Amino acid sequence: MTVLLTRPEGKNHAMAVALEKQGIPYLITPLIKVVPTLISRHQDRFTHADAIIFVSTNAVTFASQLHSFPWPTDIPYFAVGQATQDALLALGIQAIAPIKGAPQTSEGLLALPELASIQKKNILIVRGMGGRETLADILKQRQARVTYWEVYQRVPVELDPNQITNQWQIAKIDTIIVTSGEILSNLVKLVPNELFSWLQTCHIIVPSARVEQLAFQQGLQHVTNAKAANSNAMISALIT
């Protein structure tokens, strides 16, 4: 087994360390990069927020870079998963997240009892541009008022398809970690048509049922849902 890690630059370290502990060889090829948005005017959104939800570690990272005044201390914070919760804790913010074993996704977040009765509450979602609408849609159905602060955007990494896929085959890649729909889309676009049958033989490990379904729709066949994007979940899916 040789694993391909595809997260943005700087985001593959934990998984690389976990693979090294297991003695599993890997190759790192970021397929997307994450860059900050130019929109930083957001203080009024915090002033009126009754709760703040962070949907990823990137949301925490880029929000902390743009946020130059104290974080509110009298409202609850929510994190979509353990990694995001840990990133907020590093900033001194205690956040509520899905319990261990629950889906580390929007669906897992929406199952929290703290988000069940939120009528007329102002909910601020901190996310990247073009993120999923499921979370906001359900919160609105529960009669909350939802606003976004979009602090980053994902853009594909420009790679030479023939050169990079040749490198993957030389490395004998047979397992690919895909942690988002954007990465999956760029992976499929990058692989030349004549090598798609090779991609179909690879074990694709994804973080959620949504990305699993997208992978099947793209024609991939050997797909495992790790139910979270953190390294522990991915390693468990890899070795079971």
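Heads up: the structure comes first, above all this text.
Structural notes, computed from the coordinates. Just so it is clear, the structure is predicted and the values come from calculations on it, not from any experiment. (Residues numbered from 1 in each chain as written. Predicted model: local features only at pLDDT ≥ 70, side-chain atom pairs only at ≥ 80, totals over all residues. Heavy atoms only, no water.)

1. Examining the nonpolar core
The nonpolar side chains of a soluble globular protein tend to be buried with one another.
So, point 1. W168, I176, V178, L187, L199 and I204 are the most contacted members of the largest nonpolar core, which has 25 residues in total.
So, point 2. Secondary-structure elements contributing two or more residues to this core are α7 (161-170), α8 (181-190), α9 (196-201), β10 (203-206) and α10 (209-217).
So, point 3. Ranked by residue count, the leading element in this core is α8, at five residues.
So, point 4. Once you skip the residues sitting within four places of it in the chain, I176 turns out to touch L4, T6, L187, L199, C202, H203, I204 and I205.
So, point 5. Membership of the second largest hydrophobic core comes to 22 residues, among which are A63, I75, A97 and Y152. (Core = buried A, V, L, I, M, F, W, Y, C linked by side-chain atoms within 4.5 Å. Buried < 20%, exposed > 50% of the residue type's maximum accessible area, 1.4 Å probe, protein only. Helix = DSSP H or I, 4+ residues; strand = E, 2+ residues; numbered from the N terminus. Contact = heavy atoms within 4.5 Å.)

2. Regarding the packing of aromatic side chains
So, point 1. Under the definition given, this model contains three aromatic pairs.
So, point 2. With a centroid separation of 6.0 Å and an interplanar angle of 65 degrees, the aromatic rings of F54 and W71 are classed as edge-to-face. One end of the pair, F54, is in strand β4 (residues 51-54); the other, W71, is in the loop between α3 (57-66) and β5 (77-79), and 17 residues separate them in sequence.
So, point 3. A residue is classified by how much of its surface remains accessible, and W71, at 18% relative accessible area, is buried. (Phe/Tyr/Trp six-rings, centres within 6.5 Å; stacked < 30°, edge-to-face > 60°.)

3. Side note on the pattern of salt bridges
Pairing of side chains with opposite charge becomes possible as their charged atoms draw close.
So, point 1. Tallied over the full model, the rule gives three salt bridges.
So, point 2. What emerges from the salt-bridge pattern is a single network uniting R127, E133 and E150. (Salt bridge = Lys/Arg side-chain N within 4 Å of Asp/Glu carboxyl O.)

4. Quick notes on the layout of surface pockets
So, point 1. When its volume is computed, the largest pocket comes out at roughly 1200 Å³.
So, point 2. What lines the largest pocket is a set of 48 residues, among which R7, V55, S56, T179 and A229 lie closest to the centre.
So, point 3. The residue makeup of the lining of the largest pocket, split by class, is 21 nonpolar, 20 polar and seven charged.
So, point 4. Approximately 250 Å³ is the volume found for the second largest pocket.
So, point 5. Lining the second largest pocket are 14 residues, and of these K100, G101, Q104, A228 and N230 sit closest to its centre.
So, point 6. Breaking the lining of the second largest pocket down by element, the ones donating at least two residues are α4 (82-89) and α11 (231-239). (1 Å grid on protein atoms, 1.4 Å probe; cavity = no way out; pocket = protein on both sides within 12 Å on 5 of 7 lines; lining within 4 Å. Points joined across faces, edges and corners; volume = space filled by probe spheres on them. Nonpolar A, V, L, I, M, F, W, Y, C, P; charged D, E, K, R; others polar.)

5. Overview of the side chain of T179
So, point 1. Here T179 is to be found in the loop between β9 (175-177) and α8.
So, point 2. Owing to a relative accessible area of 15%, T179 belongs among the buried residues under this scheme.
So, point 3. If sequence neighbours within four positions are ignored, T179 has contacts with R7, P207, A229 and M234.

6. Points about the sheet that holds strand β8 (residues 145-156)
So, point 1. An order of β3-β8-β7-β4-β5-β6 is seen for the six strands of this open sheet, with the pairing classed as mixed. With partners counted over all chains shown, the strands left at the sheet margins are β3 (32-36) and β6 (95-96), one partner each.
So, point 2. Sheet topology places strand β7 (residues 122-128) next to β8; seven bridges connect them, and they run parallel. Note on β8: the bridge partner recorded for G128 is Y152.
So, point 3. Across the sheet, α3 touches β3, β4, β7 and β8, and the angle it forms with β8 is around 100 degrees. (Pairing = 2+ DSSP bridges. Axes fitted to C-alpha atoms, helices over the stretch in contact; angles between N-to-C directions.)

7. A short note on unusual backbone geometry
So, point 1. Unusually for a residue other than glycine, K120 sits at a positive phi of about 65 degrees.
So, point 2. In this structure, K120 sits in the loop between α5 (106-110) and β7.
So, point 3. For K120, a relative accessible area of 62% gives the class exposed.

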